[in-house]
Structure formats: structure tokens, C-alpha cells
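Structural overview
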Amino acid sequence: MYQARKASRSEFVPIRELQYHVRLWGEPGPAKVPLVMVHGWMDVAASFQFVVDAFAQDHYVIAPDWRGYGLTEVPHADNYWFPDYLADLDFLLDRYSPNEPVHLVGHSMGGQVAMQYAGVRPHRIRRLVNLEGFGMPASRPSQAPGRYATWIDELKAYHRGEMDLKSYEAADGVAGRLMKTNRRLSKDKADWLAQHWSGLDEQGRWRIRGHAAHKIVNAHLYRVDEVLEIYKAITAPTLAVEASDDSLGGWWKGRYTLAEYHERLKCVPDLRHARVDDAGHMLHHDQPQQLADLIEAFLAT
């Protein structure tokens, strides 16, 4: 199994009536800008371990498990709303860096949270790194009736137990699933991740630490016009990092392309681009050293 080189510690902090789990690496210091790292959909904060291990510098890293993920408490709700992540992050920064801006790194869904938060609270972000936080395809108002209907149907399916996540007899089964999803993930890293992505349930089976309600579609359509106005409000120097694989092409089959994503990014006032070679969407697992080098070089500018 992979052996972590830099030890982390856990804290549980009250945020908006939830007990939030926060994973920390390093110690705060007067010369250190806190480095906040936020994970994506169906991921956990521990997922950044490989990148933290690859950092050359001694950073104070703060990485929460989002609500309903990892070891953070599951809210008393049957669906999730994107603005809650923005508010949760703001409360988190109130605790860990109330008076000084932070460096913010977000992957996938966490990258979109980071981008939008940086536009909503620009004074709180010193440097911003977006790791494949693409956002969603553009929508049309005519899609609204069908979207609300789908949302209601999926809520009912969730309450019938039809959206429950699969459980596994052993952690090795979770590791196998992770390797099947990501062909570049080595067995030692998959075994390590499985211990954090899943845990034993009351029946003695290994279950993914992600609330099934996260699978329910958002009732509200994704409004690109609103997102672009938020992008325009970002003041922090921003690094947009992509993997060599085109994940958007695989997911959306032409409905949303890298070219369209790049066009959206033109609204960000101070933007740089970077690419991680031989990597897919889980680039923080595939090439942690490349990614760590890119992040540190950017933070040093």
C-alpha cells in the first residue's frame, strides 16, 4: 500500500449546523499563506495526499470534506444545492483565515466552487488554481419544465432506495472499482485511497463515503450568463490546469467542448493556462509531481 510521506491530522468543526471534517497538513505560520484544497464530486479531502507529498515546500494545507462526503456529517436533506458549497467555504475561511486571503485550489466540482467563490468573495483569495473545474453545458429556458420533472422523479427514486451506492465485501473491492474508473491509478494508491473513500457500515460491508443524494440532478438549470459575470469579478491571478485527456469530450459527446470552456475562461481577468501530461480527469492521482510543481511555481510568482 502507498505510504504517505507527510502526515495529516483531522479536525471536526461546526459549520452551518454540520460537523465538518477538515484534513490538515503542516502548521500555520506568519510567513505562510494558507493553501485551501477542495475536492470534487464523489471524492474526499484525503485524495490530495499524493500532491501534498510531492510539494517541495512546507505548506499549511486545509482540505475539507464537503457536506455529505468523507467524514463530514450528512445534512438532514434529500438533495444538495451548489450555493451551499460557497457558503460552507466562507464559514470555513472564517475559522482558519479570518483576516488574510488564502491560496485556493479546487478540483472538478471543487474547481467550479473555487472559481465562483473567488468571484463572490474576491478579497479572500490571493491565488486561484482550477483543476478541470469545467462547469456544465449551457442550458435553455425551455429545458426548465423537464428539468424540474426529472428532479422530482429522482427524489422519489432516492426515497425508494434506488439510488443507493454499491457496497463491497472488502476494501479491495473499492480499490478495484477505483482502478477500473481510472486506468492510470496504481494498485498501491488505489488500496490507500479505498481506506479513505469508504468505510465499514453496520452490516460489515465497505460503503463509499458519499451521500447517495449527491446523485440527484440539480433542479435549477446551469446559467452560463450568471457564471461569466462571476468570473469577471475574480481579482486573484488564476491558473486553469487541464489534463492531456479530453474528459469533456468523453462526458458530453459534443454538447460541451474544451473550446467552449476556453471561451468562458476569457472572462477571467488574470488567467494563465497549464497542462498535465499523461493524465486524465483525476490528474491529482495520475501525475501528482507534475501537478505539485505547477501549483508551487504559480504560487511563487
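No experiment lies behind these values; they were computed from the predicted model shown. (Residues numbered from 1 in each chain as written. Predicted model: local features only at pLDDT ≥ 70, side-chain atom pairs only at ≥ 80, totals over all residues. Heavy atoms only, no water.)

On to the packing of aromatic side chains. Taken as a whole, this structure holds 8 aromatic pairs when the rule is applied. A centroid spacing of 4.8 Å and a plane angle of 80 degrees characterise the contact between Tyr2 and Phe50, whose relative ring orientation is edge-to-face. Note that Tyr2 is positioned in the segment before β1 (8-15) and Phe50 in helix α1 (residues 49-54), a separation of 48 residues in sequence. Every member of this aromatic cluster is reached through a ring pair, and the members are Tyr2, Phe50 and Trp192. Over the aromatic face of Phe50 sits the side chain of Lys189, whose NZ or CZ is 5.0 Å from the ring centroid. (Phe/Tyr/Trp six-rings, centres within 6.5 Å; stacked < 30°, edge-to-face > 60°. Helix = DSSP H or I, 4+ residues; strand = E, 2+ residues; numbered from the N terminus. Lys NZ or Arg CZ within 6 Å of the ring centre and 35° of its normal.)

Bringing the layout of surface pockets into the picture now. A volume near 360 Å³ is recorded for the second largest pocket. What lines the second largest pocket is a set of 18 residues, among which Val74, Arg207, Ile208, Gly210 and His211 lie closest to the centre. Every element with two or more residues in the lining of the second largest pocket is listed here: β8 (198-200) and β9 (206-208). Residue composition of the lining of the second largest pocket, by class: 8 nonpolar, 6 polar and 4 charged. (1 Å grid on protein atoms, 1.4 Å probe; cavity = no way out; pocket = protein on both sides within 12 Å on 5 of 7 lines; lining within 4 Å. Points joined across faces, edges and corners; volume = space filled by probe spheres on them. Nonpolar A, V, L, I, M, F, W, Y, C, P; charged D, E, K, R; others polar.)

Here the focus is empty space enclosed by the protein. Under the criterion given, the structure shown has 1 cavity of 30 Å³ or more. There is about 30 Å³ of room inside the largest cavity. As for the largest cavity, its lining consists of Met42, Asp43, Val44, Tyr69, Trp197, Ile208, Arg209 and Gly210.

Strand order in this open sheet of 8 strands is β1-β2-β4-β3-β5-β6-β10-β11, and the pairing throughout is mixed. Among the strands making up the open sheet, the edge pair consists of β1 and β11 (271-276). Between one strand axis and the next, the sheet turns by 20 degrees as a mean value, whatever way the strands run. Note: strand β5 (residues 102-107) against strand β6 (residues 125-131), 6 bridges, orientation parallel. Bridge pairing in β6 links His107 to Leu131. Strands β1, β2 (18-25), β3 (35-38), β4 (61-64) and β5 of the sheet are contacted by helix α2 (residues 82-96), whose axis makes an angle of about 115 degrees with β1. (Pairing = 2+ DSSP bridges. Axes fitted to C-alpha atoms, helices over the stretch in contact; angles between N-to-C directions. Contact = heavy atoms within 4.5 Å.)

Tallying each qualifying case throughout the model produces 23 salt bridges. Between Lys32 and Asp58 there is a salt bridge, with the nearest N and O atoms lying 3.0 Å from each other. Taken together, the residues Lys32 in the loop between β2 and β3 and Asp58 in the loop between α1 and β4 connect sequence positions 26 residues apart. With a relative accessible area of 55%, Asp58 lands in the exposed category. (Salt bridge = Lys/Arg side-chain N within 4 Å of Asp/Glu carboxyl O. Buried < 20%, exposed > 50% of the residue type's maximum accessible area, 1.4 Å probe, protein only.)

Taken together, the side chains of Lys166, Arg177, Lys180 and Lys215 define a basic patch exposed on the protein surface. In this structure, Lys180 sits in helix α5 (residues 171-181). What makes Lys180 exposed here is its relative accessible area of 76%. (Patch = residues over 30% accessible without salt bridge, like charges linked within 9 Å, V, L, I, M, F, W, Y side chains within 5 Å. Areas by Shrake-Rupley, 256 points an atom, 1.4 Å probe, with all protein chains shown as cover. Lys, Arg positive; Asp, Glu negative; His and termini not counted. Charge placed at Lys NZ, Arg CZ, Asp CG, Glu CD.)

For the rest of this paragraph, the subject is the side chain of His39. Along the chain, His39 turns up in the loop between β3 and α1. Judged by relative accessible area, which is 0%, His39 ranks as buried. There is a polar contact of 3.3 Å between the side chain of His39 and the backbone oxygen of Asp43. Residues within four places of His39 in sequence aside, it is in contact with Val44, Ala45, Phe48, Pro64, Asp65, Trp66, Tyr69, His107, Met109 and Gly110. (Polar contact = N/O pair within 3.5 Å; in protein donor to acceptor, adjacent residues only side chain to side chain.)

So, about the nonpolar core. Core analysis: the biggest nonpolar cluster contains 72 residues, and Val36, Trp66, Leu89, Leu104 and Leu128 have the highest contact counts within it. In contact with Leu89, other than residues within four places in its own chain, are Val36, Val38, Trp66, Leu104, Val113 and Tyr117. Core analysis: the second largest hydrophobic core is formed by 26 residues, Val61, Val105, Leu131 and Ile295 among them. (Core = buried A, V, L, I, M, F, W, Y, C linked by side-chain atoms within 4.5 Å.)

Compared with the 16 Å implied by 1.5 Å per residue over 12 residues, the 17 Å span of helix α3 (residues 109-120) between its first and last C-alpha is a close match. Within α3, 11 of the 12 residues are buried, which leaves it mostly tucked inside the rest of the structure. (Expected span 1.5 Å × (residues − 1).)

The subject of this paragraph is the sheet that holds strand β7 (residues 167-168). Within a sheet, neighbouring strands are paired by backbone hydrogen bonds and run either parallel or antiparallel to one another. Across the sheet, 3 strands lie side by side as β7-β9-β8; this open sheet has antiparallel pairing. Two strands close off the open sheet at either side, each with one partner strand: β7 and β8. Relative to β9, β8 runs antiparallel, the two sharing 3 bridges. Residue pairing for β9: Leu200 is matched across the bridge by Trp206. α5 rests against β7, β8 and β9 of the sheet, and its axis sits at about 35 degrees to β9.

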